[in-house]
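Results of the structural survey
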Amino acid sequence: MIWQWTGLSVFSLTLLPAGIALLTGHVRQRLHSRLAPMRPRGIAILAFYAAAPLNALPRLADASTTVTLAATAFAGLLTCAGCILLIVAGNHPQATTR
């Protein structure tokens, strides 16, 4: 149970602020060219973050195995969607020009 709390707190302290910063465009000026389509990258990072609560909270709440399995499957789908979004954002023409 300690690992769920640890993972949830680590992801909340790292991925959540980074995803929100990218989504809202609050990134240092020198990083704008490297993170060219910032909004899709922010959404992808928030999709990665969403996997942490979806995996941890049902286990912490002692939910049934069906609920835990459904939440974990949905977290996997969100992670795959985030990966696809990062691939698409990386191949964006604006991302390749520096």
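One can find the structure itself at the top, above this paragraph.
Focus: the overall build of the protein
For the protein, the helix and strand inventory stands at four helices and zero strands. Walking the protein from its N terminus toward its C terminus, one meets helices and strands in the order α-α-α-α. Counting across all 98 residues of the protein, residues that qualify as buried make up 26%. For the protein, contacts bridging at least 24 residues in sequence account for 61% of all contacts bridging at least 6. Only carbon and sulfur atoms are counted for the fraction: they give 70% of the accessible area of the protein, which is about 6400 Å².

So, helix α2 (residues 38-60)
In this model, α2 (23 residues) spans 33 Å end to end at C-alpha, consistent with the 33 Å of a helix rising 1.5 Å per residue. Just beyond α2, the residue with positive phi is D62, at close to 50 degrees.

Focus: the side chain of T68
Its location among the elements puts T68 in helix α3 (residues 65-90). Note on T68: relative accessible area 12%, which makes it buried. Residues within four places of T68 in sequence aside, it is in contact with P58, R59 and A63.

Observations concerning the packing of helix α1 (residues 2-24) against α2
At a minimum axis separation of 8 Å, α1 and α2 run at an interaxial angle of 160 degrees. Comparing their axes, α2 and α1 come out roughly antiparallel. As α1 runs across α2, the sense of the crossing is left-handed. When the residues that make up the contact of α1 with α2 are grouped by side-chain class, the tally is 19 nonpolar, four polar and three charged.

Rules behind the numbers
Every residue gets a number counted from 1 within its own chain, in the order that chain's sequence is written. Reporting in this predicted model follows two pLDDT cut-offs: at least 70 for local features of residues, and 80 or more for side-chain atom pairs to be given and counted; totals over whole chains, interfaces and linings ignore these cut-offs and use all residues. Hydrogens are left out, water is left out, and the side-chain values use all remaining heavy atoms of the structure. Only DSSP runs of H or I covering at least 4 residues are called helices, and only runs of E covering at least 2 are called strands; the numbering of each starts at the N terminus. Buried means the residue's accessible area, taken with a 1.4 Å probe over protein chains only, is under 20% of the maximum for its type, while exposed means over 50%, and partly exposed covers the values in between. By definition in these notes, contact holds between two residues if any of their heavy atoms fall within 4.5 Å. Surface accessibility in these figures is a Shrake-Rupley result with a 1.4 Å probe; residues are shielded only by whichever protein chains are displayed. A helix's residues, less one, multiplied by 1.5 Å, set its expected span. Where helices are involved, their axes are fitted lines through C-alpha atoms of the stretch in contact, as for all axes, and angles between N-to-C directions lie from 0 to 180°. Angles are sorted into four bins: roughly parallel if under 35 degrees, roughly antiparallel if over 145, roughly perpendicular if 65 to 115, and oblique for all others. Here a crossing is called left-handed whenever its near helix is offset anticlockwise from the far helix by less than a right angle, and right-handed whenever the offset is clockwise. Note that Gly is not counted as nonpolar here; it falls among the polar residues with everything else outside the nonpolar set of Ala, Val, Leu, Ile, Met, Phe, Trp, Tyr, Cys and Pro and the charged set of Asp, Glu, Lys and Arg.

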